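Topology and contacts: notes
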Amino acid sequence: MRELTLSELETIVSEVGEARYRARQVMHWLWRHQASSLEEMREVPARLRQYLAQNYRLGHLTVSHVAHAADGTRKLLFRLADGAGIEGVIIPTHDRTTLCISSQVGCAMACEFCATARMGLVRNLKASEILGQIIAASTQCTQAERLTNYVFMGMGEPLANYPNLARALTVMTAEWGLAVSPRRITVSTVGLAPVMERLLAEFPVNLAVSLHATSDELRNQLVPINRRYPLAHLLESCRQLPLGHRRRITFEYVMLQGVNDSPADAVRLARLVAPLKCKINLIFFNPFPGAPFQPTPRSRIEEFQAILLSRNLTATIRESRGAEIAAACGQLYAQARMPRSRLTGLNHCPSPSDTRETQPPTLL
Ligand code: SAH
């Protein structure tokens, strides 16, 4: 039921002979009160509640495990109705609380440094399951740390599940829904160029693009979708995106030792993104067993950053805190579902945001 828009619910309500304004009442209970049952919706007529109960589900996700990091970050394992598991992360900082959301079970993009890729794509999440993560995560938050920001940096490629993402964004941003400002939402993509354009034409959200390489040769290997949307195509699409005057694209760049982290890479990166309104987020690689990469040491990341800064680019380094729950995250899956050997599928742990307001946290 949480995937419905107001006008869809109004149609349903009128079809059963109730006044249209009842739809708003139901929405109010669903999103402002985050009701967990129809019975709670006191002023909604019993007949309507009954009809809804018989024909729709409130779509509850269960939080099956929570892993706590010392800095307040919590990694959640959500259990879906069909038994599948997905992860979310609550990241409280001094001025906001960010929820990292999954868009698919597994992922089809096959990025070489990404553990989720090894699961392959199991299935798309429904809009109600995307939104259900928010409701379920809210139950884990204290009053002081109500969720304020949302990043689609969990499992999956959000733009490969566009219809469900769009429906979820509609509900998240609607005044009758969660009423979240689109500026507080970041969608991270591997770079599905045509869908990026559609997303920004329909929702003024923030966009993060996972770049990770400065040549087609290397990006073809690290991020295979580059074969379909090579760097020149991707960056030209980025240049043409309808960004508001204040907004910039974030380019994510995972630092892989000896692979994409040389000073020459930094110079090429600076050249590539120079025509764009953007910022670059340098990310510590989060290693997992069997991964064919090592993280670049901090000093080398700082040198890389210095080159970007010297060329007047905005470049931040994403700290890898909460590492202890990255480990726990594998354990969560082990206990919950998979044999231990498959566990590394879950490296998607965002680190707490430690940068300025506009900077979305990133999964590590
Ligand atoms: N599919 C989307 C969103 C999910 S991944 C995307 O590709 O952007 C979110 C971010 O985490 C991406 O930038 C991704 O490249 C990065 N990431 C994946 N595996 C990682 C790892 N092992 N260490 C650090 N970052 C990783």
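A short tour of the structure in this document, coming up. (Residues numbered from 1 in each chain as written. Predicted model: local features only at pLDDT ≥ 70, side-chain atom pairs only at ≥ 80, totals over all residues. Heavy atoms only, no water.)

1. A short note on the overall build of the chain
Note the threshold: A run of H or I in DSSP becomes a helix once it reaches four residues, and a run of E becomes a strand once it reaches two; helices and strands are each numbered from the N terminus. A simple rule labels every residue: compare its accessible area, found with a 1.4 Å probe on the protein chains alone, to the largest value its type can have, and call it buried under 20%, exposed over 50%, or partly exposed in between. Only heavy atoms matter for contacts: two residues are in contact if any of them lie within 4.5 Å across the pair. Here the open area of atoms and residues is found with the Shrake-Rupley method and a 1.4 Å probe, where only the protein chains shown may cover a residue.
If you tally the helices and strands in the chain, you get 11 helices and 12 strands. Residue burial in the chain is summarised as follows: out of 364 residues, 58% are buried. Sequence separation of at least 24 residues holds for 66% of the intrachain contacts in the chain that already meet a minimum separation of 6. With the model as given, the accessible surface of the chain reaches about 14,800 Å², and the carbon-plus-sulfur share is 49%.

2. Considering the sheet that holds strand β7 (residues 149-152)
The strands making up a sheet associate through hydrogen bonds between their backbones, and the pairing can be parallel or antiparallel. Rules: At least two DSSP bridges between two strands are needed for those strands to be called paired. To obtain an axis, a line is fitted to C-alpha atoms, over the contacting stretch when the element is a helix, and the angle between two such axes runs from 0 to 180 degrees between their N-to-C directions.
What the 10 strands build is an open sheet, ordered β1-β2-β3-β4-β7-β8-β9-β10-β11-β12; its pairing is mixed. The sheet is open, and its two edges are formed by β1 (62-68) and β12 (314-318), each paired on a single side. The average angle at which neighbouring strand axes cross in this sheet is 20 degrees, direction not considered. Taken together, the six bridges between strand β2 (residues 74-79) and strand β3 (residues 85-93) define a ladder with antiparallel strand orientation.

3. Digging into the nonpolar core
Quick reminder of the rule: Think of a nonpolar core as a cluster: buried Ala, Val, Leu, Ile, Met, Phe, Trp, Tyr and Cys residues, connected wherever their side-chain atoms sit within 4.5 Å. Where a domain begins and ends is set by an automatic assignment or by a domain database.
Counting residues in each nonpolar core, the largest one holds 114 residues, and the members touching the most others are Phe113, Leu169, Met172, Leu199, Phe251 and Ile280. For this core, the leading source of residues is helix α5 (residues 162-173), giving seven residues. Both domains that furnish three or more residues to this core are identified here as domain 1 (1-58) and domain 2 (59-358). Core analysis: the second largest hydrophobic core is formed by six residues, Val89, Ile91, Cys100 and Ala208 among them.

4. Looking at helix α10 (residues 298-310)
Quick reminder of the rule: Take the number of residues in a helix, subtract one, and multiply by 1.5 Å to get its expected span. The reported arc concerns the directions from the helix axis to the C-beta atoms and nothing else.
Compared with the 18 Å implied by 1.5 Å per residue over 13 residues, the 18 Å span of α10 between its first and last C-alpha is a close match. By the burial criterion, the buried members of α10 are Ile301, Phe304, Gln305, Ile307 and Leu308. Along the axis of α10, the buried residues cluster in a sector spanning 155 degrees; they form a single face. Residues of α10 that are buried make contact with β10 (249-255), α9 (263-273), β11 (278-284) and β12. Of the residues trailing α10, Asn312 is marked for its positive phi of about 65 degrees.

5. Topic: the packing of aromatic side chains
The line we're drawing: Any pair of Phe, Tyr and Trp rings, taking the six-membered ring for Trp, is counted once the centres come within 6.5 Å. Such a pair is stacked with planes under 30 degrees apart, edge-to-face with planes over 60 apart, and tilted for the rest. To sit over a ring, a charge needs its Lys NZ or Arg CZ within 6 Å of the ring centre and within 35 degrees of the ring normal.
With the rule as written, the count across this model stands at three aromatic pairs. When the centroid spacing of 5.3 Å and the interplanar angle of 35 degrees are considered together, the rings of Tyr253 and Phe304 count as tilted. Taken together, the residues Tyr253 in strand β10 and Phe304 in helix α10 connect sequence positions 51 residues apart. A relative accessible area of 1% places Tyr253 in the buried class. Site record: aromatic cluster; members linked through ring pairs are Phe285, Phe288 and Phe293. In this arrangement the basic side chain of Arg2 is found over the ring face of Trp31, its NZ or CZ atom lying 5.4 Å from the centre.

6. Structural notes on helix α4 (residues 127-138)
Under the 1.5 Å per step criterion, the end-to-end length of α4 is 17 Å for 12 residues, consistent within 8% with the ideal 16 Å. For α4, a buried count of 11 out of 12 residues is recorded, marking the element as mostly surrounded by other parts of the structure.

7. Quick word on the side chain of Asp265
Take Asp265: it is sitting in helix α9. For Asp265, a relative accessible area of 6% gives the class buried. Every residue in contact with Asp265, bar those within four places of it in the chain, is listed here: Thr214, Tyr253, Val259, Asn260 and Phe304.

8. Here we look at the side chain of Thr5
When you line up the elements, Thr5 lands in the segment before α1 (6-15). Sequence-distant contacts of Thr5, that is, excluding residues within four places in its chain, are made with Met27, Arg167, Thr170 and Trp176.

9. With respect to the pairing of β1
Pairing of β1 with β2 involves six bridges; the strand directions are antiparallel. Pairing of His65 across the sheet is with Leu77, part of β2.

10. Some words on the environment of Trp176
Mapped onto the fold, Trp176 is located in the loop between α5 and β8 (185-189). Between the C-alpha atom of Trp176 and that of Gln25, which follows or precedes it by 151 residues, the distance is 9.4 Å. Not counting chain neighbours up to four residues away, the residues in contact with Trp176 comprise Leu4, Thr5, Leu6, Arg24, Met27, Trp31 and Val171.

11. A short note on the packing of α4 against α5
Note the following rule: The scheme is simple: roughly parallel for angles under 35 degrees, roughly antiparallel for over 145, roughly perpendicular for 65 to 115, oblique for anything else. Left-handed describes a crossing whose near helix is turned anticlockwise from the far helix by less than a right angle; the clockwise case is right-handed. Each residue receives one of three labels: charged for Asp, Glu, Lys and Arg, nonpolar for Ala, Val, Leu, Ile, Met, Phe, Trp, Tyr, Cys and Pro, and polar for the others, Gly being one of them.
Where α4 meets α5, the axes come as close as 8 Å, and the angle between the chain directions of the two elements is 45 degrees. Considering the angle they form, α4 stands oblique to α5. The two elements α4 and α5 cross, and the hand of that crossing is right-handed. Between α4 and α5, the residues in contact are Ala127, Ile130, Leu131 and Ile134 and Asn164, Leu165, Arg167, Ala168, Val171 and Met172, respectively. Here the contact of α4 with α5 is built from residues that sort into eight nonpolar, one polar and one charged.

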